[in-house]
Every structure is written in C-alpha cells, then in structure tokens.
Amino acid sequence: MFKVHFKSVAKVILFLRAVKVDIMDIKKEINRRRTFAIISHPDAGKTTLTEKFLLLGGAIQVAGAVKNNKIRKTATSDFIEIEKQRGISVATSVMTLDYKGVMINILDTPGHKDFAEDTYRTLTAVDSVILVVDSAKGVEEQTRKLMEVCRMRATPVMIFINKMDRVGKDPLDLLEELEDELKIAACPFTWPVGSGDRFKGVYNLEAGNIQLYRPNKTGLSEAILDTASKEDQRLKSIVGEDNLSKLWEEVALAKDLFEPFNKDLYREGYLAPVFFGSALNNFGIPELFETFINIAPYPSETKTNNGLVRPGDPEFSGFVFKIHANLNPNHRNRMAFLRVCSGKFERNKMYYHTRMSKKIRFSAPASFMGNSKSTVEEAFPGDVIGLYDNGTLKIGDTLTEGKEIQFTGIPSFSPEILKEVINKDPLKTKQLEKGVRQLTDEGLAQLFTQQQGNKKIIGTVGELQFDVIKFRLEHEYGARCDFKTLPYVKACWLTSSNKQKLDEIIKRRESTIAFDKSDIPVYLAESEWMLKIVKEAHPEVEFHTTSEFSNAV
Ligand code: G4P
C-alpha cells in the first residue's frame, strides 16, 4: 500500500519537475529571440539592409542572394518572373539566423504598395520593426502608412536613415521630419560623419566613439578607424577639419533638441532610436545591428478573443499569418506560416485547430535558417514555422493544445478595387473556381459572391493583384479569365444585433450586396457619398472597414 502511494507521489514529483524544466527552457528560449521585419517605402533600401544583416550574422556569404528574390516596384512582368521562382521566395518569407546565441527571425515583407495588406498582416507576427528611410527623400507615402500600422499595434520601431553616401537632406531636418510626420519621438543613436561622397562613417552618441569605414568588394565594409578621442590626428586627416567641426556642432544640437533614450518609451512605441548610414556600403550597419540585438524586445503577450496569451505559458499556441499556395504546381501543396505565441511546438504532436474544432498533426514543419529550409523538431515563441497544408489552414487560424481561443488582430482590409471574374473557358469552370478560392485563401485578394447570378467578385487594394491572379490562374490551374471593372469604391462588412434589420438591408439593397467566404454580408458602395446615405438609412446596421468586427486590434 505504502509502495503504491510512494510511487504515485514520486511520479507526480517527476512530472512537476519535468514541467518546471520545460517552462524554464521555454523562458530561456523566449529571451533569446528577436522577431522583426524591415519595412520601407519601395527603393529606400530594405532589401539591401536585410542582406547586410544576413551577411553580418553569417547566414549568407555573398551579397546578392536576397536581391534576386525581391518583388520589383512597378513592372508586373518582373513580379511574374519572381512568381515563377516561388520556391526561393518562400524561403525568404522568413530568414532565421543565430548570432552570438541570439535567434534572429527576419520576416520579409513585399515592397510593392499593392501588396501592402500582406505587409500589414506580417506585422501582426513581429515584435518590432526597423523602418528604412531614404536620406534624400525623407518620409514617403508608404513610410507613413506602415508607421500607422505600427502605431495601431504599439510596435517598437527603430529607424535607419539610408543612402548617406548620396547628397541628401540635412540630418537635423530629417529628424524633425520623422517626428512631425510619423508622430514618434526621434532619438539619434548615431550621427553621420560627412555626407555624400565625403560620408566616412558614424559617430556613436551612446558609446562616444567614431567608426570610419572603407567599402570593400565582399559587400561588407572595412573599419579604418575606431576612436573615442576627438583629438585623434588620423580623424582630422581622414574627415577634414571642416567636417569635424560641423559634426560636433550638430551632435551638440541633436543632444539638446531630441529625447534621450528611454527603453520603456521605445518598447511602448513612443520613441524610435535613429541610425544613419549606407546599407549599400555597410556604413553604420554594425552599430544598428548590435543595438537592435541589445534593446529590441523578445516575444511578449498576444491578444485573443479570450484574454492575453503569454509566451511563457506552458501550452503551445500560435496563429497563421501568411499562406503560399502551390509551392510546387505538380503537387498542389501549400505552406502556411505560423507564428508561435506560447509554449513549445513539437513535430508530430496533435494540435487543435480552433476554427474547425479538429485535431491536426504536422509531420514536416519547416524552419528557415539563412536562406535554406529544413524540417524542425520544435519551435518556441517568436519563431515562425512553415506548415505544409492541403487547404485546411487559412490566414488568421489559431492552433492550440486544446484551448478554445482565437488570436485577434489579423484583419482583412476593406478592398477598394472590385472586379467581376469572367470565365473565358467554360470547360475549365471547376478549375477556375478552385483557383479563385485558393488564391484568395492566400490573402492575395478577397472573394465575394453575389447571390443574384452567383457572380464572383474579387476585391483588392491594388491593381497589380489582378495581373498576378490572372497569370497564376492560367499557369497553376489552367483556367482563363478576364476581369470586368465594377463601379464600386469600397466594400463594407455588415453586422447588426437586430437580425431583422440585417435581413432588411440585404433585401432592400440586393444589387449592391454580396457575401464573403464566411457568408457575411458586404455592402458594395458606389461612392463615399452613397455609403453615407445608406448608413443613414440603416442606423441599426454596422458598417465595418476591416473584417475583424468583434475584437478591435
Ligand atoms: P527596397 O528593397 O527598399 O526596394 O530597396 P533596395 O534595397 O532594393 O534598394 C533600392 C536601390 O537603392 C538599389 O539600387 C540599391 O542598390 C540602392 N541602395 C540601397 N542602399 C543604398 C545606399 O546606402 N547607398 C546608395 N547609393 N544606394 C543604395 P538599384 O539601382 O535599384 O538596384 P541595383 O541595380 O543596385 O540592384
């Protein structure tokens, strides 16, 4: 009797110990993770900076590896060329590197503005961002929009002012512009030494030393001087007396005019450390990289429809924020990108898919080291893993160990360009329907159906998606289509606590009502003015411009 009792107590102790060790392991893993995105207005230097991080972290050995995958700014043909090489672009959706024991996950975001929604969704999966600004152009349209999304989620932001090797705006003016336009306190961490073709390096305001460089062929620069002495004779001879006195003047002014660093304010998204440099020449990048590793936040809690999930919670949970369909057109498989939010993800364990109330197991989850992909046994909060899927997973889906929760804040935005799909090959109707469904599952565009005549309407935020959809339908599904432009400028989701009122608007406005994939009614507005009139006519109905109605971001 005693023996039995003793045995069960011992078992409980062993179990508790195992759980404790597990939790401690998870905490250790969380603390060493930095999951972030580099974002910018197209052409500011996001790709070049990403590449320099990978070079510094030893994940790639030559410059140019990332560049080849980049989605080009304007030309559709370039984009389509890239799409043909989807295998590679999947690998660059997330790039992981282990730098001095810190696991860095860089999430890639498309540069083109027509794919902004994909970028916004990716930002739901990061803990911080580095925003790249072109020193000659300053704050641009996409810079502002991206910053708005960061502000909405209180994402910590660091700013890198790039292309200092070109003639650009005055550094002090740039900082003021950042503050005015981005509504964030700018805190300079480094200051440029010279500019244009006389740009030689950076002064580190925190450490009080100057680093001067010379570009070299490997894509990484060579340090030619590292000094903390203002009187260093070599400094004078390389930089020149004039440039030096200008530097000290500007630094003194900057210290006076701008906020000192405060980690809490940075972590809460009110203050942005600012760095100057040249991504192309790798000037000022090591300073940015080291500071990023030291101060960027590790994973923190995530909102669900039922409270917060903390990364240190022992049970695994995560959400899907991106899907790539048809990695290999012959196998029709897709890859869903999942961000781990809590606990430990393990290969081959059964997990609970909360939207479908069903259990799933993943036998070959992928992780992305540098620019190659491999099967992973376990993953921790902050990590992004690729899950092969045959159509079960959708953007926004939650996986848990059994908990009935749904992560929030992964919205679809109200589309502004709406076109009807016209089938050009009736023999391929099934393929067309399947293709449209799968491509819209990927988040490339949104699909609405109008009951009258079963019309399929595609909604996007940019024109380029239509070219991409058409191309992919033809090449991946063998279906041909055209798009007929519809006279709508916005689609708003409709809800009401009064079912009768909802039915009433659906009936009265039948010709401008469609349904999304979850059968939620959507009002298609012909103009902002019309939207206002219809809203006034149906005061008990709510009109939403993001798909996430019940849980605000
Ligand atoms: P993006 O991803 O933000 O769109 O920008 P990307 O890194 O592709 O950079 C856009 C252009 O700016 C590229 O030139 C790149 O070489 C250049 N660039 C990036 N950083 C710097 C810098 O520090 N100084 C200077 N002078 N140029 C920089 P491109 O001509 O469009 O492409 P490529 O022909 O060089 O590949």
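Here the residue numbers are simple positions, counted from 1 along each chain's written sequence. The predicted origin of the model limits local features to residues at a pLDDT of at least 70 and limits the giving and counting of side-chain atom pairs to 80 or more, whereas totals for whole chains, interfaces and linings rest on all residues. Note that the side-chain values use all heavy atoms of the structure and ignore hydrogens as well as water.

Asker: Quick question: what am I supposed to make of the nonpolar core here?
Answerer: When a protein is soluble and globular, its nonpolar side chains tend to lie buried together. Ranked by internal contacts, the top residues of the largest apolar core, which has 63 residues, are Leu 123, Ile 159, Leu 178, Trp 191, Tyr 203 and Leu 247. Excluding residues within four positions of it along the chain, Leu 178 makes contact with Val 133, Val 139, Ile 159, Ile 161, Lys 183, Ile 184 and Val 274. In this structure, Leu 54, Tyr 99, Phe 160 and Tyr 266 belong to the second largest nonpolar core, which totals 32 residues. Remark: nonpolar core denotes a set of buried residues (Ala, Val, Leu, Ile, Met, Phe, Trp, Tyr, Cys) joined through side-chain atoms within 4.5 Å. Burial classification: accessible surface area is computed with a 1.4 Å probe over protein chains only, and a residue below 20% of its type maximum counts as buried, one above 50% as exposed, and the rest as partly exposed. Should any heavy atoms of two residues lie within 4.5 Å, those residues are counted as being in contact.

Asker: What's the story with the side chain of Thr 155 in this structure? I'm lost.
Answerer: Helix and strand assignments come from DSSP, with helices taken as H or I runs of at least 4 residues and strands as E runs of at least 2, each series counted from the N terminus. Mapping Thr 155 onto the fold places it in the loop between helix H6 (141–152) and strand E5 (157–162). For Thr 155, the contacting residues outside a window of four places in its chain are Val 126, Asp 127, Ser 128, Val 129, Cys 150 and Gly 269.

Asker: I would appreciate a short explanation of the packing of aromatic side chains in the present structure.
Answerer: Ring pairs (aromatic) are described by centroid distance and by the angle formed between their planes. Two aromatic rings, drawn from Phe, Tyr or Trp (for Trp, its six-membered ring), form a pair once their centres lie within 6.5 Å of each other, and the interplanar angle then sorts them: stacked below 30 degrees, edge-to-face above 60, tilted otherwise. Under the definition given, this model contains 21 aromatic pairs. A ring pair is formed by Phe 319 and Phe 407, whose centres lie 5.6 Å apart and whose planes are at 50 degrees; its orientation type is tilted. Of this pair, Phe 319 sits in strand E14 (residues 317–324) while Phe 407 sits in the loop between strand E23 (398–400) and strand E24 (417–423), placing them 88 residues apart in sequence. Given the relative accessible area of 3%, Phe 319 is considered buried. Residue placement shows Lys 419 over the ring face of Phe 466; its charged tip is 4.7 Å from the ring centre. We count a charge as sitting over a ring when the NZ of a lysine or the CZ of an arginine lies within 6 Å of the ring centre and within 35 degrees of the ring normal.

Asker: Sorry if this is basic, but what is going on with the pattern of salt bridges here?
Answerer: A side chain with one charge may pair with a side chain of the opposite charge, provided their charged atoms come close. The rule for a salt bridge is simple: a side-chain nitrogen of Lys or Arg has to be within 4 Å of a carboxyl oxygen of Asp or Glu. Applying the stated criterion to the full structure yields 28 salt bridges. Where Asp 134 meets Lys 163, a salt bridge forms, and the shortest distance between an N and an O atom there is 3.4 Å. Here Asp 134 is found in strand E4 (residues 128–134), whereas its partner Lys 163 is found in the loop between E5 and helix H7 (171–182), with 29 residues between them in sequence. Judged by relative accessible area, which is 17%, Lys 163 ranks as buried. A salt bridge links Arg 472 to Glu 476; the shortest N-O distance between them is 2.9 Å. Separated by four residues within a single helix, Arg 472 and Glu 476 lie in helix H13 (residues 464–477), roughly one turn from each other. The class of Arg 472 is buried, set by a relative accessible area of 1%. In the salt-bridge network here, residues are joined through shared partners; they are Glu 29, Arg 32, Arg 33 and Asp 383.

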